[in-house]
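# Structure at a glance
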Amino acid sequence: MSSVFQVICLSPALPDLTTSAYGPFVLHACASLDEVSQRLREQAYDAVLLTTGTQLPAERLIHWPAWSHATMDSAVVVVAPEPQPALALRLIQRGAQDVVPQRESHGDALARVLRLAIERKRLEVSARHAFATDLATGLPNLPQLIEHITHLLALREREPAPMALLVLRVDGLAAAESQLGTESANVLRRQLAERLRSGLRASDVVASIGGDVFAVLLAWIDAANDGDQVAAKMALAAQRPFSVAGQVLSLSVGLGVSQFPGHGRQADVLLRQAMEQASVPAAHSRMQDVALRLRRA
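A quick note: this is a predicted structure, and the numbers were derived from the prediction, not measured.

## Focus on the overall build of the chain
Helix and strand counts for the chain stand at eleven helices and eleven strands. Principal-axis analysis of the C-alpha atoms gives the chain an extent of 65 × 40 × 35 Å. Out of the 297 residues in the chain, the part that is buried amounts to 48%. Nonlocal contacts in the chain, meaning residues at least 24 apart in sequence, comprise 65% of its contacts between residues at least 6 apart. Accessible surface, the chain as shown: approximately 14,100 Å² in total, 54% of it carbon and sulfur.

## Side note on the sheet that holds strand E6 (residues 163-171)
The antiparallel open sheet is built from four strands, whose spatial order is E7-E8-E6-E11. Taken across any chain shown, the strands that pair with only one partner, and hence form the sheet edges, are strand E7 (205-210) and strand E11 (252-260). The sheet shows a mean angle of 20° between the axes of neighbouring strands, taken without regard to direction. Alignment of E6 against strand E8 (residues 213-218), held across six bridges, turns out to be antiparallel. Across the sheet, Arg169 pairs through a bridge with Val213, a residue of E8. Contacting E6, E7, E8 and E11, helix H10 (residues 267-279) runs over the sheet at an angle of about 150° to E11.

## Structural notes on the pattern of salt bridges
Going through the model one piece at a time under the given rule, you end up with nine salt bridges. In this structure, the salt-bridge partner of Arg115 is Glu119, at a minimum N-O distance of 2.9 Å. Placement of the pair is Arg115 and Glu119 together in helix H5 (residues 107-129), with a separation of four residues, close to one helical turn. The class of Glu119 is partly exposed, set by a relative accessible area of 21%. Note that Glu194 and Arg197 form a salt bridge whose closest N and O atoms lie 3.1 Å from each other. Taken as a pair, Glu194 and Arg197 lie in helix H8 (residues 182-198) at a separation of three residues, close to a single helical turn.

## Some points on the packing of aromatic side chains
Tallying each qualifying case throughout the model produces one aromatic pair. One cation-aromatic arrangement involves Arg195 over Phe242; the distance from NZ or CZ to the ring centre is 3.7 Å. Between Arg201 and the ring centre of Trp220, over which it is positioned, the NZ or CZ distance is 4.1 Å.

## Points about the nonpolar core
Where a protein is soluble and globular, its nonpolar side chains tend to be buried together. Membership of the largest hydrophobic core comes to 28 residues, with the highest contact counts inside it found for Leu166, Leu188, Leu192 and Val216. Listing elements by their share of this core, those giving two or more residues are E6, helix H7 (173-180), H8, E8, helix H9 (226-239), strand E9 (242-244) and E11. Among the nonpolar cores identified, the runner-up in size contains 24 residues, and Leu10, Val48, Ala70 and Ala96 belong to it.

## Examining the side chain of Asp226
By secondary structure assignment, the location of Asp226 is in helix H9. Here Asp226 sits buried without a salt bridge, and the closest side chain of opposite charge, Arg201, lies 6.9 Å off (N-O distance). Polar side-chain contacts of Asp226 include one of 3.0 Å to the backbone nitrogen of Asp222.

## Topic: H8
Owing to its 3.6 residues per turn, the α-helix brings residues three or four apart onto one side. Taking 1.5 Å of rise per residue, 17 residues should cover 24 Å, and H8 covers 24 Å from first to last C-alpha, within 8% of that figure. The set of residues buried in H8 consists of Ser184, Ala185, Asn186, Leu188, Arg189, Leu192, Ala193, Arg195 and Leu196.

## Side note on the pairing of E8
Among the six residues in E8, six count as buried, and that is most of the element. Judged by which residues are buried, E8 turns out to be covered on both faces: Val213, Ala215 and Leu217 on one side and Phe214, Val216 and Leu218 on the other are all buried. Strand direction decides the pairing type here: E7 and E8, joined by five bridges, are antiparallel. By the bridge assignment, Ala207 is partnered in E8 with Ala215.

## Comments concerning unusual backbone geometry
Here the amide bond leading from Gly23 into Pro24 is cis, since omega sits at 5°, within 30 degrees of zero. Along the polypeptide, Pro24 turns up in the loop between strand E1 (5-10) and strand E2 (25-29). Positive phi, normally seen in glycine, also occurs at Ala245, with a value near 55°. When you line up the elements, Ala245 lands in the loop between E9 and strand E10 (247-249).

Basis of the calculations
- Residues numbered from 1 in each chain as written.
- Predicted model: local features only at pLDDT ≥ 70, side-chain atom pairs only at ≥ 80, totals over all residues.
- Heavy atoms only, no water.
- Helix = DSSP H or I, 4+ residues; strand = E, 2+ residues; numbered from the N terminus.
- Buried < 20%, exposed > 50% of the residue type's maximum accessible area, 1.4 Å probe, protein only.
- Contact = heavy atoms within 4.5 Å.
- Areas by Shrake-Rupley, 256 points an atom, 1.4 Å probe, with all protein chains shown as cover.
- Pairing = 2+ DSSP bridges.
- Axes fitted to C-alpha atoms, helices over the stretch in contact; angles between N-to-C directions.
- Salt bridge = Lys/Arg side-chain N within 4 Å of Asp/Glu carboxyl O.
- Phe/Tyr/Trp six-rings, centres within 6.5 Å; stacked < 30°, edge-to-face > 60°.
- Lys NZ or Arg CZ within 6 Å of the ring centre and 35° of its normal.
- Core = buried A, V, L, I, M, F, W, Y, C linked by side-chain atoms within 4.5 Å.
- Lys, Arg positive; Asp, Glu negative; His and termini not counted.
- Polar contact = N/O pair within 3.5 Å; in protein donor to acceptor, adjacent residues only side chain to side chain.
- Expected span 1.5 Å × (residues − 1).

Put into structure tokens, the structure is as follows:
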């Protein structure tokens, strides 16, 4: 658990939370919702504090496109002058942890709201991950990946935006296990998992869905070929030599890419499409073609 809570704030004036026993908090000021959205794409925050009023009517906040990004792992707290029950309920349904009247948004009272919202969000995230982890890699397993995709698809129905699912079928893991043993092969899998995670945004999900199959859920993409480019970069990273138990090992990768909404609107459809692509022999040459274009760029 973090000893310092990072909070991104859209507020006319930053509250003073430096002396609260519920902290410590580090507050990061933003001048607009667009800036909040951009910051959330760049890094994760424990909480997001959004103050509504003349400059930002609460009704406008309901339609903020970045709700799915903000509420995936952060506790969102909304401060409103006098929140009406119907509006407060709509904000909670959008994923906010709490809606606080402005008169209760000062000093230790606000610090308490933020800290409890953060703890509730952490429990929610922990519950989401419980019993859904691949023990060899520490990554989410197939049921957890399906849950992530389903949750994101539900959000995309309300907040339309393209997303992509990548599947990487890795050749060489079984040979490593046969040569070096199970524990060394699991070390190799963990090294591979770390490489895959290192090149992604905090909102993206890497999962282990089989002994030699990994998947990556890109929460949003800006262009149609972004999924191919990210997949090729990850495949190139996976092909760099690994050092395990004093041995230098190399892997090869076949990849598949499916996109929402073009390839489907259900988790199983998107996953099946990407897995089928990754399974055919052409997947390896397809990855090499995209990788070659990336090198030339």
